[in-house]
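Coordinates in review
Residues per chain are reported as follows:
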Amino acid sequence: MPPPTLLHFLPMAPSISLFKSRDVAVIGAGAAGLVAARELRREGHKVVVFERERQVGGTWVYTPTVETDPLGADPSRHIVHSSLYASLRTNLPREVMGFLDYPFVSTGEPHRDPRRFPGHREVSLYLKDFVVGFGLNELIRFETEVVYAGLVEDEKWGVKSRSGNDAAIDVEEIFDAVVVCNGHYTEPRLAEIPGIDAWPGKHMHSHNYRTPEPFRDQVVVLIGSAASAVDISMDIAQVAKAVHIASRSVEAGILEKLSGNAVDNMWLHPMIESVQKDGTVIFYDGSVVLADVILHCTGYKYHFPFLDTSGIVTVDDNRVGPLYKHIFPPHLAPGLSFVGLLWKVLPFPMFEFQSKWIAGALSGRIGLPSQEEMMADVSAFYLSREASDTPKHYTHNLADSQFEYDDWLALECGIPGVEEWRKKMYQATAKNKKVRPDKYRDEWEDEDLTLEAQKDFARCRPNGGGDN
Ligand code: FAD
């Protein structure tokens, strides 16, 4: 890490005349794009946010609509952005989940969800409140999809967009910088299953899972063990005949009936070895199940169909690179940046730190290292991942080092890092989830931390917005 320079410690609200104001295009108005827009404008930049949908919130805008291809593999399919299922409640307590200076507290209004782990609609309403609170609506062009973003002469970026009304006409504009915030939970990743082409059952990805009813009395094989796989398996088990979970983390030879849940029709297996044309699914431990459905809860791929960097930025086995600190391609910094690529993290606060850093780097208030230094940092990071045998597709999984990463960004920006109570509450929730996978949203033991959070929030303006 380069040592902080004097510039890093200048105050957050700079005298704008000292620093450059840039024209910045933000792609996407989910949580990342919204906080990026706020930080860019706070820094004195002129911001246009392009949003393909007709409302803000990205992932958090639930829709019962699913794609025409249940696997989400057909490139010509009509894309549905959100992967939320109807029953989804947050997997993080609202205190840790919200933006740092805009607490995600219950508003107390009758139509709102006051629970500590609220349903998805409450998150979407919180993001809408954030937009109103910071007057961001005027920056957003709704139903406007970016179809191309590429470098043109003089370090400027050409952005072509298509709006709902005039779908046939592309509008081209020039910006000083592009901040990519298009999300990464829309393009399914699928498990490879020998024999799948001849298997007669239904085959789908969790991107297109909404409600359990279509699985009533069926035998379902679900692949995966991440948060949404756990939720969806419990959702489906309420109505299905049986749910068989195939997971990499289960050793061959173990067939375990999951107990301790409200239902007793869930089984744990190692991965699928093959499937047969008679409808059977064979697992690596030799167990065989006659199944109606295979449901891939196998995650998503990074996908930037609009982005043209002449090969400088590539996606290789789900590694977006080269990127300095998962944000800036060294050869295109600070003109091109990405917010929100990291996973297994606390997303909203991290988006906020990343956005502040980008905004400061674009104005020149925060110095970036040279291209060579940034490339050397990226290479060292890749080498460290190889040394720890971390697969390439885990490049943006920050897991244990997320708070170190946030605090590093905070230091660069000259602001306080992640609050101690937030770090502890995140860890307490992870532990609680392991012990009570089906009850952690309603039973917990970290009241002391919630009190600390409430005290901290009292110092912020409660969901009432702030500066523009
Ligand atoms: P998104 O929310 O996906 O927003 C991207 C936006 O970009 C969308 O509005 C999209 O329409 C727009 N867009 C895309 N392409 C274009 C284009 N070409 N032109 C214009 N606009 C475009 N996080 C938590 O903190 N807590 C949770 O409990 C939690 N649960 C989750 C459960 C599920 C099932 C999933 C999938 C994710 C969950 N997350 C959770 C993570 C969640 O994705 C992040 O919280 C966050 O919403 C991501 O925000 P984003 O802005 O990066 O992306």
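Given the structure is predicted, the values throughout are model-derived calculations rather than measurements. (Residues numbered from 1 in each chain as written. Predicted model: local features only at pLDDT ≥ 70, side-chain atom pairs only at ≥ 80, totals over all residues. Heavy atoms only, no water.)

Re the pairing of strand β17 (residues 293-296)
Here is the rule we go by: Only protein chains enter the accessibility calculation, which uses a 1.4 Å probe; a residue whose area is less than 20% of its type maximum is buried, one above 50% is exposed, and one in between is partly exposed. In this description a helix means any DSSP run of H or I spanning at least four residues, a strand means any run of E spanning at least two, and both kinds are numbered starting from the N terminus. Paired strands, in this sense, are two strands between which DSSP finds at least two bridges.
Here β17 shows two buried faces, one formed by Val293 and Leu295 and the other by Ile294 and His296. Where strand β10 (residues 219-223) and β17 come together, four bridges link them in parallel fashion. Across the sheet, the residue bridging to Val220 is Val293, located in β17.

Things to note about the domain arrangement of the protein
Cut-off, in case you're wondering: Domain borders in the structure are assigned automatically or taken from a domain database. Note on definitions: a residue-residue contact is assigned when non-hydrogen atoms from the two residues lie within 4.5 Å. A 1.4 Å probe defines the accessible area here, and the buried area is the portion of it lost by two parts on being joined, summed over both. One speaks of a salt bridge when a side-chain nitrogen belonging to Lys or Arg is within 4 Å of a carboxyl oxygen belonging to Asp or Glu.
What the domain assignment reports for the protein is domain 1 (23-187 + 300-425) and domain 2 (196-296). Its C-alpha centre places domain 1 at a distance of 32 Å from the equivalent point of domain 2. Contacts between the two partners involve 22 residues from domain 1, matched on the other side by 15 residues from domain 2. Note on domain 1 versus domain 2: buried area summed over both sides is about 1300 Å², and carbon and sulfur give 51% of it. Broken down residue by residue, the surface that domain 1 buries against domain 2 is led by Pro70, Leu71 and Tyr85, which jointly contribute 46%. The interface formed by domain 1 and domain 2 includes zero salt bridges.

Some words on the sheet that holds strand β14 (residues 272-275)
Here is the rule: Only the stretch in contact is used when fitting a helix axis, every axis being a line fitted to C-alpha atoms; angles between N-to-C directions are given from 0 to 180 degrees.
Across the sheet, three strands lie side by side as β14-β15-β16; this open sheet has antiparallel pairing. Each edge of the open sheet is held by one strand with a lone partner, namely β14 and β16 (288-290). Pairwise comparison of adjacent strand axes, ignoring direction, gives a mean angle of 25° for this sheet. Of the strand pairs in this sheet, β14 and strand β15 (residues 280-283) are connected by three bridges, and their pairing is antiparallel. Each residue of the ladder has a partner; that of Ser274, found in β15, is Ile282.

Quick notes on the site of the ligand
What counts here: Consider each residue's heavy atoms; a residue with any of them within 4 Å of a molecule or strand counts as near. N or O atoms within 3.5 Å of each other form a polar contact, as long as, within protein, one can give a hydrogen and the other can take it, and as long as residues adjacent in sequence are counted only when both atoms are side-chain atoms. Accessible surface is estimated by sampling points in the Shrake-Rupley manner with a 1.4 Å probe; for residues, cover comes only from the protein chains shown. Residue classes follow a fixed rule: Ala, Val, Leu, Ile, Met, Phe, Trp, Tyr, Cys and Pro count as nonpolar, while Asp, Glu, Lys and Arg count as charged, and any other residue, Gly among them, counts as polar.
Around the ligand sit 32 residues in total, of which Glu51, Thr59, Trp60, His81 and Asn91 are the nearest. Within the backbone of Ala32, one N or O atom sits 2.9 Å away from an oxygen atom of the ligand. Here the ligand, which alone exposes 990 Å², has 94% of that area covered by the protein. Every element with two or more residues in the shell around the ligand is listed here: α1 (31-42), β4 (144-152) and α5 (347-363). A class-by-class count of the residues in the shell around the ligand yields 17 nonpolar, eleven polar and four charged.

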